[in-house]
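Chain residues, written in single-letter form:
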Amino acid sequence: MPATTSRALRAGALWLASFLSSSAAAQGLFHGDFERALRQESIVLESEAVELTWREGLAVTEVRQRLANRTRREAEHELLFPLPEGAAISGFELRVNGTVLPGEVLGAGEARAIYERIVRTRRDPGLLEWVGRGLLRARVFPVPALGRVEVSFRYSQVLPVIGDFRAYSFPLSGRFHGSHAPQSWSLQVKLEVNGGVVALHSPTHEIAVQRRSPERVEASVEVGGDLLERDLLLYASERRTELDFALLAHRPSTGEGTVALFFTPGESRSSADRPKDVVCVLDISGSMAGEKLAQAKTALAACVAALRPIDRFALIAFHGEVIPVTAGLRPAIEDEKERARRSLSALRAAGATNLCGGLEAALALAEQGVERSFHLMLLSDGLPTVGAKEPREILARAALAQRRSVRCFVFGVGDDVDTLLLDRLAEESRGTRQYLRPGEDLNLAVSRIAERIAEPVLSDLELSVVGAELSGLMPARLPDLFRGSTLAVFGRTSGSGPIVVRLRGRGGRGAQEFAWAAELPACEERGAELAAQWASKRIGVLLDEMRWSGPHAELRQEIERLGREHGLVTPFTSLLALEERDRLALSRGVRAERRSRPATEGDEFTLGTVRAPATPSHPRSPQIPAGPATPAGPMSGSGAAAVERSLRSKALREGAIGERLGEGELGRELRSVAGRRFFLVGGVWIEEGFRTEERAQVQRLEFGSAEYFAHLCRDELAARFAALGTRVLFRSGDGYVEIVDGGG
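The sections below set out a description of the structure shown in this document. (Residues numbered from 1 in each chain as written. Predicted model: local features only at pLDDT ≥ 70, side-chain atom pairs only at ≥ 80, totals over all residues. Heavy atoms only, no water.)

### Regarding helix α7 (residues 391–398)
(1) Moving on: All buried positions along α7 are accounted for by P391, I394, L395 and A398. Buried residues of α7, viewed axially, fall in a sector of 95°; they line one side.
(2) Moving on: Of the surrounding elements, those touching the buried residues of α7 are α6 (355–364), α8 (419–428) and α10 (529–549). (Buried < 20%, exposed > 50% of the residue type's maximum accessible area, 1.4 Å probe, protein only. Helix = DSSP H or I, 4+ residues; strand = E, 2+ residues; numbered from the N terminus. Arc of directions from axis to C-beta. Contact = heavy atoms within 4.5 Å.)

Written out as structure tokens, the structure is:
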């Protein structure tokens, strides 16, 4: 059929559909799936805001939606909302522009029939992800022509307990499949527990947490794009002791499990007997002139102002020479603070950069107070130009790994900094690193660190577990524990049964030890995201090591393995994904069309002197020779690309779940489902690993047929794979299943 004729017929069909829909809407006579599908297309979900009120074990969720009618006639909207799995719904109320409307809560059996009917008529397999859940259903009419309505509904549920946590889930996955995602989506959480809240953790999304009191915590989440394809999970644990412990575990029926251990100081725990020394080292070389130095002065003055009288502080500046701003360590009393503020104000930028000299002058003060915690804050915007310049020499002089009491917090301002040196200073001292790009607020960054280290509780932490072997602990070098913070440690285990967790450290009363009894489950299918979170942390550590030591084959292979096993983007699994897609295309007799994009320096992961060729067929990716590798030396540590690499690995190490395969540059051709990867080849989603010689083992099912739904009922994973689309090929049992689209 000629393209012009096809377009004309389609336009005529759309006009007729619009006319029928308009007439039906005017009479309120909507019947059947065809008219319902037409009406749904005219309605757009502009925004969704969720408020969660969580008290003890009961959660009340209120969802507010803003719907817009894009047409010039009234329309009806059928609200369908999948209830969280296992939710015990105790109440439901629907309001449209403030008016209460009737709605119904359907059980999983009735809901399944509705899901399957809509899947057939709308050809929307994304709804298969809802199968097995209950359903909220209501009719919203009218939605004014070219107008909007505000819809809200509320439901409550008793939350299940997983390990030491209560678990909350909000359905996102599959809800926006086949339609426009909302322009904005947000969640506000108010959590209250009478005994106090220990930790609020999400393994799926980044949350901002504010502790209002020992018993009340608030949090917020704002997401979009690919993060709307993951159900949002929250875990909260209750306070019990002065140093609380909570355990969260995932253990599949086969293979290793993942354990997350959380340690939180009680709000009542006194840290007044744990004094600290804070030494601020400020770069005042010529490149710091202007706004950067002004912000740095303000930030350090605020840091000193927040210290307690039992604390001590010192200020050291450096350019070509080292300038003691204070006469050694000073007590943090008001007169000394004011004197330091005036001295800071008088500093002027000029000259070269003697970073090693400033660092050594600060570390010399650490010997004066070994019983105190010692925090060094280093601010610089440039590379060393005077004194020791090589990172390894500077690190050797600092010998931070041997100084148990020193914690180094580094702030790199701009892109002309040596990220390898600054990162290593922070790593070897169990501190942290921050990099401020042009336009970012240095004062805010310093204030956050100063607030975090305000009240130290335990330092030099050592963790041991008796009763089960934990491997790959992340972080391997535990940071200090501060009041108001939570330490999360992730590890892998193949054991189960009772365990004893011991945490040792140095506090205000000397050496202290705490112990807790816990239980590792033999099987716990919930919490699968913990494995991806552990893998992200591990990948971040390995990427840092590769930046420092060069492209060792062992590091590359471990990063590649973790990326493939957990479906995470790394500099290596992205390239392998391209190659695997090409192989699958050949196995099906299809020519894969590769997308390309301009490569930028920030995207390039350069390993030593080995660079990936920038070709039209592949985005830039690392090319490391197979077999034993000879270290090519560390990567370049300065420049915008180096800062970006450091920020990425830092985000992974600090708990952000890595970018999933299928959510990055290959997002349109690659998806990861239940830890298995699928490539879009010739319009078919094909599972990784399929071989040409396995074609004889393929069972074909027509999309939407009775056999199709019967198979998905028997195999829960098959339903998740089938949600990819109307044409999917995946492994099921001992063979493969191919869903074929018989409906055109």
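Now, onward.
### Quick notes on the packing of α10 against helix α11 (residues 553–566)
(1) Moving on: Put simply, α10 and α11 touch, their axes get as near as 10 Å, and they point 160° apart. By the angle class used here, α10 and α11 are roughly antiparallel. Here the hand of the crossing between α10 and α11 comes out left-handed. Contacts between α10 and α11 involve A531, A532, W534, A535, R538, I539, L542, L543, E545, M546 and S549 from the first element and L555, R556, E558, I559, L562, G563 and H566 from the second.
(2) Moving on: Tallied by class, residues from the contact of α10 with α11 come to 11 nonpolar, 3 polar and 4 charged. (Axes fitted to C-alpha atoms, helices over the stretch in contact; angles between N-to-C directions. Parallel < 35°, antiparallel > 145°, perpendicular 65-115°, else oblique. Left-handed = near helix turned anticlockwise from the far one by under 90°. Nonpolar A, V, L, I, M, F, W, Y, C, P; charged D, E, K, R; others polar.)

### So, helix α9 (residues 442–452)
(1) Moving on: Residues of α9 that are buried include every one of L442, A445, V446, I449 and A450, and no others. In a view along the axis of α9, the buried residues occupy a sector of 130°, so they form one face of it. Summarising the geometry of α9, the exposed residues directed more than 90 degrees from the buried face are R448 and E451.
(2) Moving on: Each element contacted by the buried residues of α9 is listed here: α4 (291–305), β22 (373–380), β23 (406–413) and β24 (432–436).

### A short note on the sheet that holds strand β17 (residues 257–265)
(1) Moving on: The strand order β16-β17-β28-β26 describes an open sheet built from 4 strands, whose pairing is antiparallel. Only two strands of the sheet have a single partner each, and these edge strands are β16 (243–250) and β26 (470–474). Averaged over all pairs of adjacent strands, the angle between strand axes in this sheet comes to 25°, irrespective of strand direction.
(2) Moving on: As paired strands, β16 and β17 are joined by 8 bridges and run antiparallel to one another. By the bridge assignment, D244 is partnered in β17 with T264.
(3) Moving on: The strands touched by α10 within the sheet are β16, β17, β26 and β28 (487–493), with β28 carrying the most contacts at an inclination of about 100°. (Pairing = 2+ DSSP bridges.)

### Some points on the pattern of salt bridges
(1) Moving on: The tally for this structure, following the rule as stated, stands at 34 salt bridges.
(2) Moving on: R547 serves as the salt-bridge partner of D544, at 2.6 Å between the closest nitrogen and oxygen. You can see D544 and its partner R547 sitting in helix α10, 3 residues apart, about one turn around the helix.
(3) Moving on: By relative accessible area, which is 8% here, D544 ends up buried. (Salt bridge = Lys/Arg side-chain N within 4 Å of Asp/Glu carboxyl O.)

### Overview of the nonpolar core
(1) Moving on: W54, Y168, F170, W185, L187, L200 and L234 are the most contacted members of the largest nonpolar core, which totals 42 residues.
(2) Moving on: Sorting elements by how many residues they give to this core places strand β1 (residues 43–55) first, with 5 residues.
(3) Moving on: Apart from the residues within four sequence positions on either side, F170 is in contact with E48, V50, T61, V63, F81, Y155, R175, W185, D231 and L232. (Core = buried A, V, L, I, M, F, W, Y, C linked by side-chain atoms within 4.5 Å.)

### Describing the packing of aromatic side chains
(1) Moving on: The final tally for this structure, using the stated rule, is 14 aromatic pairs.
(2) Moving on: Ring geometry for F81 and F170: centres 5.7 Å apart, planes at 50°, overall tilted. Of this pair, F81 sits in strand β3 (residues 75–82) while F170 sits in strand β10 (residues 165–170), and the two are 89 residues apart along the sequence. Accessibility assignment for this pair places F81 and F170 in one class, buried.
(3) Moving on: On the basis of an interplanar angle of 15° and a centroid distance of 6.3 Å, the ring pair of F514 and W516 is categorised as stacked.
(4) Moving on: Taken together, the ring pairs in this structure connect F81, F153, F170 and W185 into an aromatic cluster.
(5) Moving on: A cation over a ring is seen here: R492 above W534, with NZ or CZ 5.2 Å from the ring centre. (Phe/Tyr/Trp six-rings, centres within 6.5 Å; stacked < 30°, edge-to-face > 60°. Lys NZ or Arg CZ within 6 Å of the ring centre and 35° of its normal.)

### Comments concerning the environment of D423
(1) Moving on: One can find D423 in helix α8.
(2) Moving on: You can call D423 buried: its relative accessible area is 6%.
(3) Moving on: For the pair formed by D423 and C408, sequence separation is 15 residues and the distance between their alpha carbons is 9.9 Å.
(4) Moving on: Ignoring any residue separated from it by four or fewer positions in sequence, one finds D423 in contact with R433, Y435, D544, R547 and S646.
(5) Moving on: A distance of 3.4 Å separates a polar atom in the side chain of D423 from a polar atom in the side chain of R433. (Polar contact = N/O pair within 3.5 Å; in protein donor to acceptor, adjacent residues only side chain to side chain.)

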